[in-house]
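# Descriptive structure summary
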Amino acid sequence: MSGREQVQRVRAMWSRTRRAPSPLALRPMPRACGGAAGFTFIEIMVVVAILAILAALVVPRIMGRTDDAKRTATKVQIRNIEGALQLYKLDNGIYPSTEQGLKALVEKPSVGVIPKKWKLGGYLPKLPEDSWQNPYKYLSPSPKGDYEIISLATDGEVGGEGINADITNWNLDKD
């Protein structure tokens, strides 16, 4: 008998003796034995619980910081406006009047004292708004000095306390 015949005979004998697999053998093998990958319901619930705990700890800290960030951004803008006002005064010898407003930093004033050495292109590229999309209030002269720049903050109304407190160039270092 040749090698080829022996192989065919063994195959035929093996196929006759082979029984149908049991229902337990058809079950997917556990992951530890190299079976199908997946997560059990318990594993998924543990992950969801961990994420919920992390969210409960982190979200309040992040959410409370948006008002602080807006107040800080507004203070930086006020300092930039102050710098532009200083340049305006260096060129023209006076600050813009209340009537001229901060608009005098963007385009040449047409009312009040018309500056003779107004810088072509202006002192600011555009008229800024505070972090709450409200225009800044400008007074010159002011009871507190040569000028006052005011943001009405969160509530948009004069006065207030806490996050509603107005931000002016005179109280930038508070908070």
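Residues numbered from 1 in each chain as written. Predicted model: local features only at pLDDT ≥ 70, side-chain atom pairs only at ≥ 80, totals over all residues. Heavy atoms only, no water.

### Regarding helix α3 (residues 41-63)
This is how it is decided: Only DSSP runs of H or I with at least four residues qualify as helices, and only runs of E with at least two residues qualify as strands; both kinds are numbered from the N terminus onward. By definition here, a helix of n residues has an expected span of 1.5 Å times n minus one. Two axes enter the definition of the bend at a residue: one is fitted to the seven residues ending there, the other to the seven starting there, and the bend is the angle between them.
A rise of 1.5 Å per residue sets the reference length of α3, with its 23 residues, at 33 Å; its end C-alpha atoms lie 32 Å apart and thus fit the reference within 8%. Residue Ala55 marks the point of greatest curvature in α3, where the axis turns by about 25 degrees.

### Looking at the pattern of salt bridges
Here is the rule we go by: Salt bridge, as used here, is a side-chain nitrogen of Lys or Arg placed within 4 Å of a carboxyl oxygen of Asp or Glu. Each residue is placed in one exposure class: buried if its accessible area under a 1.4 Å probe, protein chains only, is under 20% of its type's maximum, exposed if it is over 50%, and partly exposed if it falls in between.
In total, this model carries one salt bridge according to the counting rule given. Salt-bridge contacts for Lys103 lead to Glu107; the nearest nitrogen and oxygen are separated by 3.6 Å. Using a relative accessible area of 46% as the deciding quantity, one classes Lys103 as partly exposed.

### Overview of the sheet that holds strand β3 (residues 167-168)
Paired through backbone hydrogen bonds, the strands of a sheet run either parallel or antiparallel to each other. Which entries qualify depends on this criterion: At least two bridges found by DSSP between two strands is the condition for calling them paired.
Strand order in the open sheet formed by three strands is β1-β2-β3, with antiparallel pairing between adjacent strands. Edge positions in the sheet fall to β1 (137-139) and β3, since each has one partner strand and no second. Relative to strand β2 (residues 148-151), β1 runs antiparallel, the two being bridged by three bridges. Residue pairing in the sheet places Leu139 in a bridge with Glu148 of β2.

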